[in-house]
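One-letter residues, chain by chain:
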Amino acid sequence: MSTLSTFGSATFDPAAFDPGTSVAGLALANPVLTASGCAAAGRELGRLIDVAALGAVVTKTIMRDARSGRPTPRMAETPSGMLNSIGLQGPGIDAFLATDLPWLRRAGATTIVSVAGGDPEEFAELAGRLAGEPGVGAIEVNISCPNVANRGLVFACDPSSASAVVSAVTEAVGGRVPVLAKLSPDVTDIVAIAGAVLDAGADGLSMINTTLGMVIDVTRMRPLLAGLTGGLSGPAIRPIAVRCVWQVHAAMRAGILRPAPIVGIGGVATGRDAAELVLAGACAVQVGTATFHDPGTPARVATDLAAVLAGLGFARFADAVGHAHTVLARETEPNR
Amino acid sequence: MSTPSLGALDDGRPGPVAVRAVVVANRPAGAYHHLVLAVDDRTAAARPGQFAAVAVGADPDQPTPTLLRRAFSLHRATPAGPDGPTLELVVAPRGTGSTWVTRRRPGDRLDLVAPLGRPFPAPPPSTPVVLVGGGYGSAPLGWWARELRAAGHAVTVVAGAADASRLFGVDDARALADRVLVTTDDGSAGTRGRVTAVLPELLTPGTWVYACGPMAMLRAVTEVSAAHGARAWCAVEESMACGVGVCMTCVLPVRWDDGVTRMTRTCVEGPTLDGAALRWDAIGAGPGGGSAVPADCLGAPRPGGGPR
């Protein structure tokens, strides 16, 4: 794709479209992944779809120990979205390594493991153990889960906390697999947080996690969720995700941030939704809450995204990444 | 309970299929609607106790602002009937989603994922069985009664509701079970009172009880069953986002065979759970009336600190 004139060209062959992408050296057959917390560890979806055909399975966040999660109710449906207040329920790393990861390996899935901890040491311990395991393609560092007992534990809301976690993780991983830092939109300046984690050695960014929300049960005149607040996800937050990806990718183009891959996440339900994130700067896209509506969504989005981008005239997925910035730059060139 | 580990996914239960069903019939049934849906063979292979998750509020081929599916227990699956393979649902118009479902007309398409969840566990041979339904919770019991009788079990059905209009499936049960008892809170049909008013006389040690209805009823049935040496199986109804085991919203505290209590997904490890394994001390005791996390639950938060 060299000039705008080829957009919409009738001579373009969609079947020749190359959907391949890579995230910090991790090659993906296609750019559509599951989002953490929306696909468990792949096995349940495996009853309905071929998880090996996904760009990757991003697991539910793993912690050192088993964790019960929060009391119920944990979920509230909202317009074009939902709040969740799960609280990182999970089996702990030992059970994950004994049961879930072997299943993903056998299924042939490309796997990105999401990890979280109560302090940088726990993050680093988990990442260090996982980086040596066969079948782990990358580690996503969940520094942005809003469902923790202490709001102060959202590392991604503070540059120095975010940096401390990512430094510890990248040191423990030692370059064996790519490390992606998952960012929260609940910050004043996401470019500053992105800069902090990239300076700390992150190989890429996953953005965004849910944004903190709340629902009051009017009949009972109290918060609906047992955890009071929850993370808002679904199509309602897609414009926030597009904005965050746009801002960080723009800062990379401007030389303010080191160039690094961005995995776009937030409210993707269709191929066009995914195309928004890609054109804003994402080199891969995760599908989350829409999977609850239709477990076939990640596979369908992959097919539809390829059709959308091919229809726009792109021969390769990689050429579409961040292209909206190029279009905007051309519009503002003085001698256009 | 038989250990409801992730292995339960591979226990041979009919697995889920995403299907575009066509509404064949939608008839009022007292306070409820009885829908017959034309589906495919794999969907109609459902077993009693399983459920369907229905997308609501839009054309089935379009994304909808109402993201989450509504789960309904299956009233009946018919692999080969006059309308081909069908599923039947009984739906109470309660919220916007269920009300939308009750307004579908013959010919309308529904986007559903089914069958989901574990089927009712089969009782040991010749075990006497009592099926207890509260309101539209009775929906799957006629189907189950027919299968149990065919397997040689003596089957009694207890159908209870607030009033006569909220009873479901009594005629069906009379045709399919050995004995049927009816209770209503207001006495407008059958015995005045709750299902537990008539349950003790039906229970002998070793009886298996299957109960479908509100949590308070399930708890009462469990207690009465235990007091008479009977075993209670409870089909719970928790709000769920995905229905397929990935979202972790529909959990209840359940004591597993290893003695450890876990926050347990009712969509894949249930919806039918051993009443004696459900942690009734925590269910309903959470902030806002949901389920608390018992202090001895695996991974429960420690006082003054995080989980360990």
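For the structure, see preceding data.
So, how was this worked out
- Residues numbered from 1 in each chain as written.
- Chains lettered and ligands numbered in written order.
- Predicted model: local features only at pLDDT ≥ 70, side-chain atom pairs only at ≥ 80, totals over all residues.
- Heavy atoms only, no water.
- Core = buried A, V, L, I, M, F, W, Y, C linked by side-chain atoms within 4.5 Å.
- Buried < 20%, exposed > 50% of the residue type's maximum accessible area, 1.4 Å probe, protein only.
- Helix = DSSP H or I, 4+ residues; strand = E, 2+ residues; numbered from the N terminus.
- Contact = heavy atoms within 4.5 Å.
- Expected span 1.5 Å × (residues − 1).
- Bend = angle between axes of the 7 residues up to and from the residue.
- Pairing = 2+ DSSP bridges.
- Axes fitted to C-alpha atoms, helices over the stretch in contact; angles between N-to-C directions.
- Parallel < 35°, antiparallel > 145°, perpendicular 65-115°, else oblique.
- Left-handed = near helix turned anticlockwise from the far one by under 90°.
- Nonpolar A, V, L, I, M, F, W, Y, C, P; charged D, E, K, R; others polar.
- Buried area = accessible area lost by both parts, 1.4 Å probe.
- Salt bridge = Lys/Arg side-chain N within 4 Å of Asp/Glu carboxyl O.
- Polar contact = N/O pair within 3.5 Å; in protein donor to acceptor, adjacent residues only side chain to side chain.
- Phe/Tyr/Trp six-rings, centres within 6.5 Å; stacked < 30°, edge-to-face > 60°.

Looking at the nonpolar core
Core analysis: the biggest nonpolar cluster contains 89 residues, and Ile139(A), Ile143(A), Leu183(A), Leu205(A), Met207(A) and Val248(A) have the highest contact counts within it. For this core, the leading source of residues is helix 5 (residues 238–253) of chain A, giving seven residues. Beyond its immediate sequence surroundings of up to four residues, Ile139(A) is in contact with Ile112(A), Val113(A), Val115(A), Ala127(A), Leu130(A), Ala131(A), Val173(A), Val177(A), Pro178(A), Val179(A) and Leu180(A). Met75(A), Ala109(A), Cys242(B) and Cys267(B) belong to the second largest nonpolar core, which has 29 residues in total.

Brief notes about helix 1 (residues 93–107) of chain A
Residue and element names in this part refer to chain A. When the terminal C-alpha atoms of helix 1 are compared, their 20 Å separation across 15 residues agrees well with the 21 Å that a helix rising 1.5 Å per residue should span. Along helix 1, the sharpest change in direction is near 30° and occurs at aspartate 100; proline proline 102 comes one to four residues later. For helix 1, the complete set of buried residues consists of Ile93, Phe96, Leu97, Asp100, Leu101, Pro102, Trp103 and Leu104. Looking at the packing, one finds that the buried side of helix 1 touches strand 4 (57–58), strand 7 (111–115), helix 2 (120–131) and strand 8 (136–142). Following helix 1 by one or two positions, glycine 108 adopts a phi angle in the positive range, close to 80°.

As for helix 4 (residues 215–227) of chain B
All names here are of chain B. Counted at 1.5 Å a residue, the expected span for helix 4 with its 13 residues is 18 Å, and the 18 Å between its end C-alpha atoms agrees. Every buried residue belonging to helix 4 is among Met217, Leu218, Val221, Thr222, Val224 and Ser225, and all of these are buried. Backbone geometry just downstream of helix 4 places glycine 229 in the positive-phi region, at approximately 75°.

Digging into the sheet that holds strand 4 (residues 70–81) of chain B
The strands that make up a sheet pair up through hydrogen bonds in the backbone, lying either parallel or antiparallel. Residue and element names in this part refer to chain B. Taking strand neighbours around the barrel as the criterion, the six strands line up as 1-2-5-4-3-6 in a closed arrangement whose pairing is antiparallel. Looking at each pair of strands side by side, their axes are set apart by 45° on average, direction ignored. Relative to strand 4, strand 3 (residues 51–54) runs antiparallel, the two sharing four bridges. When the sheet's bridge partners are listed, alanine 52 is paired in strand 4 with phenylalanine 72.

Considering the packing of helix 1 of chain A against helix 2 of chain A
Residues and elements named next belong to chain A. Remark: helix 1 packs on helix 2, axes separated minimally by 11 Å, with the N-to-C direction vectors making an angle of 20°. Between helix 1 and helix 2, the angle is such that the two are roughly parallel. Helix 1 and helix 2 meet at a crossing whose hand is right-handed. Across from Ile93, Asp94, Phe96 and Leu97 in helix 1, the residues of helix 2 making contact are Leu126, Arg129 and Leu130. For the contact of helix 1 with helix 2, the residue count by class is five nonpolar, no polar and two charged.

Focus: the interface of chain A and chain B
Contacts between chain A and chain B engage 42 residues on the former and 49 residues on the latter. Of the roughly 3700 Å² buried at the junction of chain A and chain B (both faces included), carbon and sulfur atoms supply 60%. Viewed at the interface, chain B and chain A are joined by two salt bridges. For Arg70(B), the salt bridge goes to Glu77(A), with nearest N and O atoms at 2.8 Å. At the boundary of chain A and chain B, one finds 11 residue pairs in polar contact (both at pLDDT 80 or more).

Quick word on the packing of aromatic side chains
All names here are of chain B. One pass over the full model with this rule turns up seven aromatic pairs over all chains. Judged by centre distance (5.5 Å) and plane angle (65°), the rings of tyrosine 32 and tyrosine 136 are edge-to-face. A residue pair is termed long-range when its members are at least 10 positions apart, and tyrosine 32 in strand 2 (residues 32–38) and tyrosine 136 in the loop between strand 7 (129–134) and helix 2 (141–150) qualify at 104 residues. Each of the two residues, tyrosine 32 as well as tyrosine 136, counts as buried. Judged by centre distance (5.6 Å) and plane angle (85°), the ring pair of tryptophan 144 and tyrosine 210 falls under edge-to-face. Of this pair, tryptophan 144 sits in helix 2 while tyrosine 210 sits in strand 11 (residues 208–212), and the two are 66 residues apart along the sequence. Across the pair, exposure class does not vary: tryptophan 144 and tyrosine 210 are buried alike.

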